[in-house]
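This is what each chain is made of:
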Amino acid sequence: MKKLLVCLALVATSLVSAQNNSGYWQQHVDYKMEVDMNVENFQYTGSQELVYTNNSPDTLDRVFYHLYFNAFQPGSEMDVRSRTINDPDRRVGDRISKLSEEEQGYLRVSSLDQNGNNLSFEEVGTVLEVTLDEPILPGEKATFNMKFEGQVPKQIRRSGRNSAEGVALSMTQWFPKMAEYDFEGWHAAPYIGREFHGVWGDFDVKLTLDKDYTVAASGYLQNPDEIGHGYSDKEVKAKGDTHTWHFVAPKVHDFTWAADPEYIHDKRTAADGTVLHFFYKDNDEIKENWKNLQDKTEGLLAFFNENIGPYPWDQYTVAQGGDGGMEYAMITLITGERSFGSLVGVTSHELAHAWFQHLMATNESKHEWMDEGFTSYISSAAMNQVMETYAENPFTGSYRSYIQLANSGVEQPQTTQADRYNLNAAYGASAYSKGAVFLAQLGYVIGKDNLDNTIKRYYDEWKFKHPTPNDFIRIAEKVSGAELDWYLNDWTRTTNTIDYGIKEVTEGGDNSTTVTLERKGLMPMPLDVTVRYNNGEEEMIYIPLQLMRWEKPADHENWTVADDWAWAYPTYKLNIEKPLSEIESIEIDESQLMADVNRDDNLYTAEEASTAEEEE
Ligand SMILES: [Zn+2]
């Protein structure tokens, strides 16, 4: 509890300073829900009281709720999109079109009132459009009371009943959820299978279901001694056939749960005081992996605490469920029948999302690269340490995948709305790989120390909020002192590529050598050029990019700073104060942290040069 109070105090101060600096505001929700789940037919009913605070400067005369489960009906946008895209997700394919009525999902609102007055509303696919009885003025609150009923679909994507691994209930995106309204207006996008954007607030949820089921959920269980199931050591006898589980989740933008009658529930307290819960099926083939995962999860948590900022909640849960891995507030649902490396890898990725989505809650539909890419970056770094791989560049997989995308002809800019990619594969490489390279390469551009400090300051200034790409790059600018608008713009808003090469190496006057460098791609970059001499010496020549108005601090021995390269000039002459005969090799970006789409011309060696001459 202490941890939470400290973090709430921090939220209060950071909101004040953000408002002073940039006019930042965000809406607030307080949910109270009571839900009855029938585990026989997977139908549930619920009541929801939502106190909505309009912190915007605008008067609202309508609101929107998401009804995600309606996507799991034949003919839904999600179904049709999956059957018409060229590379459908194999988990979805045409499976939605084949669901029987008993297997479909739905979420229906039977009544809704605002401050006690009935509202008219219309269900349009996965969105409920609501006309308000009276407008909500800036700074005012409205209380919405709703009754709803749902059916859990057969497990197809993320949510559902009876997953492939036999988990009974994966309850994600399962309740009528208020859409976010922010400085860009309403975000009431239909659910087509991609990601989310939610309103920050507090959740108080009571779940009633069969007493044999163990529940994993966002939030803190309020009545462990009435429940048992590994939450309390007390022997508990249910009074009837059901238990009512009472969870409270503060300062989150989602509430998720999972339940199964065969869950094993382990818990342990990590070094920072966070209680880690693990829920997995009683299956001999996976038990050992799930036991060994627990130490690694502690290691990962410590890594993220140190390299991003302290995990602010008192609990985190890893539960077997869903169809792969997906992050939710204080909980992840992952598939559990995996090799140990894959199990730790997916946990690393989803736990990292506790920061890059559930603390720095970017709009995933608009800026998918900020949550998936940043998560991939920090998760690769964490795995490199926790799995004791210690690779010099743990991001090579992301670079390979991005460069393949850039050379494929199917790349779309990262500003593309997540649902609007021509190919799922292009979305994946753009969000995950190109997004991870955005950060790893920023370390090349401004130096690793500046990158590390940027990530920490991003956490300090933007946790519990909705940062945008510009918010992030402004922090990188303030931390480093460099101008970086070009980097954000070319990398994320265009498909311009980076391609530098060594065009020519010739004798210069006075025992010097002239290296002609060439910019073939449209995207500018500063260059690190490594020169190796025959006597074993090595020099790093740094060529600043003029429009950065800045020089990177030396991060290498024998560091020489050359003249700026102004972008429009396609070539640049680098003068080396040594005769050509003393040079063994010259290489552009030996670290390979710059995502050059064609590295064939990045290396000059004296040996190859002499062979080429003989062959002419
Ligand atoms: Zn992810």
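Residues numbered from 1 in each chain as written. Predicted model: local features only at pLDDT ≥ 70, side-chain atom pairs only at ≥ 80, totals over all residues. Heavy atoms only, no water.

**Topic: helix 8 (residues 424-446)**
Where we set the bar: Helix and strand assignments come from DSSP, with helices taken as H or I runs of at least 4 residues and strands as E runs of at least 2, each series counted from the N terminus. Multiplying 1.5 Å by the residue count of a helix minus one yields the expected span of that helix. Bending is quantified residue by residue as the angle between axes fitted to the seven-residue window ending at that residue and the seven-residue window starting at it. Burial status follows relative accessibility: with a 1.4 Å probe on protein chains alone, a residue under 20% of its type maximum counts as buried, one over 50% as exposed, and anything between as partly exposed.
For helix 8, spanning 23 residues, the distance from its first C-alpha to its last is 32 Å, which sits close to the expected 33 Å at 1.5 Å a residue. Maximum bend of helix 8: about 30°, positioned at S430. In terms of burial, helix 8 is largely enclosed, as 19 of its 23 residues are buried. Taken from the residues just after helix 8, G447 is the one with a positive phi, measuring 95°.

**Observations concerning the coordination of the zinc ion**
For clarity, the cut-off: Each metal's donors are the N, O and S atoms found within 2.8 Å of it, except that Na, K and Ca use a 3.2 Å limit; water is left out, so coordination can look incomplete. Site shape is set this way: if four donors have all angles between 85 and 135 degrees, tetrahedral; if opposite donors are over 155 degrees apart and all others between 65 and 115, square planar for four donors and octahedral for six; otherwise irregular.
Taken together, the protein donors to the zinc ion comprise H349 (NE2), H353 (NE2), E372 (OE) and E372 (OE), at separations of 1.9 to 2.8 Å. Taken together, the 4 donor atoms surrounding the zinc ion define angles of 51 to 153° at the centre, an arrangement classified as irregular. Ordering the donors of the zinc ion by residue number gives the pattern H-x3-H-x18-E. Residue H353 is found in the loop between helix 5 (340-352) and helix 6 (368-386), and its partner E372 is found in helix 6; the two are separated by 19 residues along the sequence. Exposure remark for H353: the relative accessible area of 0% places this residue in the buried category. Under the relative-accessibility criterion, E372 is labelled buried at 2%.

**Some points on a nonpolar patch on the surface**
Note the cut-off: Patch rule: a residue counts if its relative accessible area is over 30% and it has no salt bridge; like charges are joined within 9 Å, and nonpolar side chains (Val, Leu, Ile, Met, Phe, Trp, Tyr) within 5 Å. Calculation of accessible area relied on Shrake-Rupley with a 1.4 Å probe; when residues are assessed, cover is drawn exclusively from the protein chains displayed. In the sections that follow, a salt bridge refers to a side-chain nitrogen of Lys or Arg positioned within 4 Å of a carboxyl oxygen of Asp or Glu.
There is a patch of nonpolar side chains on the surface, built from L522, L547 and W567 and spanning about 260 Å² of accessible area. Secondary-structure assignment places W567 in the loop between strand 28 (559-561) and strand 29 (571-576). On the basis of relative accessible area, W567 is assigned to the partly exposed category, the value being 35%.

**Quick word on helix 11 (residues 485-493)**
To keep it simple, the criterion reads: Residues count as neighbours in contact if any of their non-hydrogen atoms are within 4.5 Å of one another.
Of all the residues in helix 11, the buried ones are W486, Y487, L488, D490, W491 and T492. Buried residues in helix 11 make contact with helix 6, helix 7 (396-406), helix 8 and helix 10 (469-480).

**Thoughts on the UniProt feature "domain: Peptidase M1 membrane alanine aminopeptidase" (unreviewed entry) in the protein**
Our working definition: UniProt positions are given in the numbering used here, feature names are shortened, and annotations may be inferred rather than shown by experiment.
Per the UniProt entry, the sites bearing "domain: Peptidase M1 membrane alanine aminopeptidase" (unreviewed entry) are residues 340-491 in this numbering. The distance separating the terminal C-alpha atoms of residues 340-491 is 35 Å; by composition the span is 66% helix and 0% strand.

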